[in-house]
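The residues making up each chain are set out below.
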Amino acid sequence: MTATVSSIEDNPKNNSLIWIDESFAKLKAYHATGATRSREWRVKQLKQLDKLVDEHQEDIQKALNADLGKCEMESWISEIGYIKSEIKHTLKHLKRWMKVKKVSSPMLAQPGKSYLHPEPLGTVLIIGAWNYPFQLVIAPLIAAISAGNCAILKPSELSERTSSLLAKLVPQYLDNDAIAVVEGAKDQTSRLLKQPFDHMFYTGGETVGKIVMRAAAEHLTPVTLELGGKSPCIVDADTNLSVTAARIVWGKWMNAGQTCVAPDYVLVMEGHEQALIGELKNQLKKQYSDDPLASDDYGKIVNQRHFVRLASYLEDQPIAHGGHSNLAECYIEPTILLNPSLDSAVMQEEIFGPILPIITVKNIDAAVEFVNQRAKPLALYVFSKSKAKQDDVLTRTSAGSVCVNDGMMFMVNPELPFGGVGHSGMGSYHGKWGFDTFSHLKSVMKRSFWFDLDVRYAPFSKTKLSLLKRLQ
Ligand code: NAD
């Protein structure tokens, strides 16, 4: 089965406000029937999702390329292949995750048995961002399905080709009574946020994150906020410089720097900045050639608004490499800045683009202090051969995830939870962590009738109290 990429106009219904209300009511009613609770339903949906990916790999790739200039390899690593691994991992472990677990019971509750019983939350909302527009909607969906929920997906309107494709394909493969796609922007999202969902899972910037949390508070809906921020990368003097540079270039300039966990800036030890810049330049040339604009492997900025935002970061800045741009192509060359003013916008805001400021610091202590003076980041990177320095940075800083001696490789391990801390977000997902996010762990105690110790019943007495104290 193949499908061509459609536009919102091809699906006139899925962005109307009435349709949003109706879909929510329909999904909620369906969840109440219990149809999504069985393992069979969950497994069937996950297999169908896998089939969707297999049968439309090319369409997904084309949409990602149209939205962000993503090449086939990058699309596979960070979106298509990533989703296939997540489905495989979930299918492999689902039975175990769903198991009711027995825990011990105290003396006072004897005879009795205690259990942890994971149950679906109900009908959930998943709002995605534009930078990994397929993965950021489908990975939370895998988690929501694995936990037995109904879900409404709201892909980002900024990556409109991927959004349209999802709106077209999801109804063809998944249970329409349980999963719906709403396309659109602020109006549609605002309408969705008014509904009493059982969970809201949001990926995007901090400003809208606060809007989501405020709306959720109205219905006491729990939220997961997958936000961003400025992720630091500390480069010690004692490192393997060429491998360090190769890995920084990979992590920073993938998707033209539009990655929530890309290193936002580098902290390098004084006197080592030129050597690092030299190696970064070598690696940029090796990975994206002398003319990244002509390289199929280098992405584009999502739209002209973001291009203008990024271009403004370069005005009057100390450019150590790059700096060229082309509005018509939404292209900004991989650019390195050396010691820009810490008060300038590029060091105050999340860059989320292909510009890498390098800041020199005296030593690891100064780097740690620099990080700790700012909001807790989504990711932190430290490159050093010294285990003592690695551990020092690990124990004295806080971040959603840390990678020692590499860029964002923690993303490939489904055993590691992915999520922020403080201003970079709350809650997590991937693998079992996603199942847990979309489940309620119900406490269950089962008692029998055959022995009914009356110590807790009135009338109370000193004897009963002393017996109770001994039983605890
Ligand atoms: P975006 O513009 O795509 O917005 C995200 C979602 O919010 C979209 O679905 C959009 O329709 C909705 N939205 C926008 N304005 C709204 C409003 N006023 N009311 C209600 N909904 C609204 O994405 P963005 O915010 O530009 O995303 C970039 C940010 O996301 C960066 O900070 C990045 O670090 C972060 N991010 C985080 C992760 C993560 O996994 N933690 C992943 C990707 C991006």
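Residues numbered from 1 in each chain as written. Predicted model: local features only at pLDDT ≥ 70, side-chain atom pairs only at ≥ 80, totals over all residues. Heavy atoms only, no water.

Participant: I tried to follow the site of the ligand on my own but got confused; where do I start?
Facilitator: Close to the ligand lie 26 residues; Lys-154, Ser-156, Glu-157, Leu-227 and Glu-350 are nearest. One of the backbone nitrogen or oxygen atoms of Glu-226 is found 3.4 Å away from a nitrogen atom of the ligand. In isolation the ligand exposes 850 Å². Once the protein is present, 90% of that is buried. Those elements that place two or more of their residues in the shell around the ligand are helix 7 (186-193), strand 6 (199-203) and helix 8 (206-218). Partitioned by chemical class, the residues of the shell around the ligand number 13 nonpolar, 8 polar and 5 charged. Taken together, domain 1 (12-227 + 424-442) and domain 2 (232-419) each give at least three residues to the shell around the ligand, which thus spans both. (Near = heavy atom within 4 Å. Polar contact = N/O pair within 3.5 Å; in protein donor to acceptor, adjacent residues only side chain to side chain. Areas by Shrake-Rupley, 256 points an atom, 1.4 Å probe, with all protein chains shown as cover. Helix = DSSP H or I, 4+ residues; strand = E, 2+ residues; numbered from the N terminus. Nonpolar A, V, L, I, M, F, W, Y, C, P; charged D, E, K, R; others polar. Domains from an automatic or database assignment.)

Participant: Explain the sheet that holds strand 1 (residues 101-103) to me, please; I cannot follow it from the model alone.
Facilitator: Backbone-to-backbone hydrogen bonds pair the strands of a sheet. The strands run either parallel or antiparallel. With antiparallel pairing, the 3 strands of this open sheet are ordered in space as 1-2-18. Two strands lie at the open edges of the sheet, namely strand 1 and strand 18 (439-447), each paired on one side alone. Ignoring strand direction, the axes of neighbouring strands in this sheet form an average angle of 30 degrees. With 3 bridges connecting them, strand 1 and strand 2 (residues 112-120) associate as antiparallel partners. Paired with Lys-101 across the strands is Leu-116, a residue of strand 2. (Pairing = 2+ DSSP bridges. Axes fitted to C-alpha atoms, helices over the stretch in contact; angles between N-to-C directions.)

Participant: So what exactly am I meant to see when it comes to helix 7 here?
Facilitator: Helical geometry: 3.6 residues make up each α-helical turn, so side chains three or four residues apart lie on a common side. Restricting attention to buried positions, one finds in helix 7 the residues Gln-188, Thr-189, Leu-192 and Leu-193. The buried residues of helix 7 occupy an angular sector of 135 degrees when projected down its axis, which confines them to one face. Facing away from the buried surface of helix 7 by more than 90 degrees, the exposed residues are Lys-186 and Asp-187. Turning to helix 7, the residues buried within the fold contact helix 1 (17-32), strand 3 (123-127), strand 4 (150-154), strand 6 and helix 8. (Buried < 20%, exposed > 50% of the residue type's maximum accessible area, 1.4 Å probe, protein only. Arc of directions from axis to C-beta. Contact = heavy atoms within 4.5 Å.)

Participant: Would you take a moment to explain the pattern of salt bridges for this structure?
Facilitator: Close approach of charged atoms allows side chains of opposite charge to pair. For the coordinates displayed, the defined rule picks out 18 salt bridges. Put simply, Glu-58 and Lys-62 hold a salt bridge, and the shortest N to O gap is 3.9 Å. In this pair, Glu-58 and Lys-62 both sit in helix 3 (residues 57-68), 4 residues apart, roughly one turn of the helix. Accessibility expressed as a relative area gives 46% for Lys-62, which makes it partly exposed. Across the salt bridge formed by Lys-154 and Glu-157, the nearest N and O atoms sit 3.3 Å from each other. (Salt bridge = Lys/Arg side-chain N within 4 Å of Asp/Glu carboxyl O.)

Participant: Help me out: how do you make sense of the packing of aromatic side chains in this one?
Facilitator: Two aromatic rings, taken as a pair, are described by how far apart their centres are and by the angle between their planes. Taken as a whole and assessed by the stated rule, the structure comprises 11 aromatic pairs. On the numbers, 5.8 Å between centres and 45 degrees between planes, the contact of Trp-97 with Phe-435 is tilted. Taken together, the residues Trp-97 in helix 4 (residues 72-98) and Phe-435 in helix 15 (residues 432-437) connect sequence positions 338 residues apart. Summarising the aromatic geometry, the rings of Tyr-381 and Phe-410 are spaced 6.2 Å apart at their centres and angled 15 degrees between planes, so their arrangement reads as stacked. (Phe/Tyr/Trp six-rings, centres within 6.5 Å; stacked < 30°, edge-to-face > 60°.)

Participant: Any chance you could explain the side chain of Glu-86 here in plain terms?
Facilitator: Within the secondary structure layout, Glu-86 lies in helix 4. For the buried Glu-86, no salt bridge is present, and the opposite-charge side chain at shortest range is Lys-88, 12 Å distant. Among the polar contacts made by the side chain of Glu-86, one reaches the main-chain amide nitrogen of Gly-431 at a distance of 2.7 Å. (Lys, Arg positive; Asp, Glu negative; His and termini not counted.)

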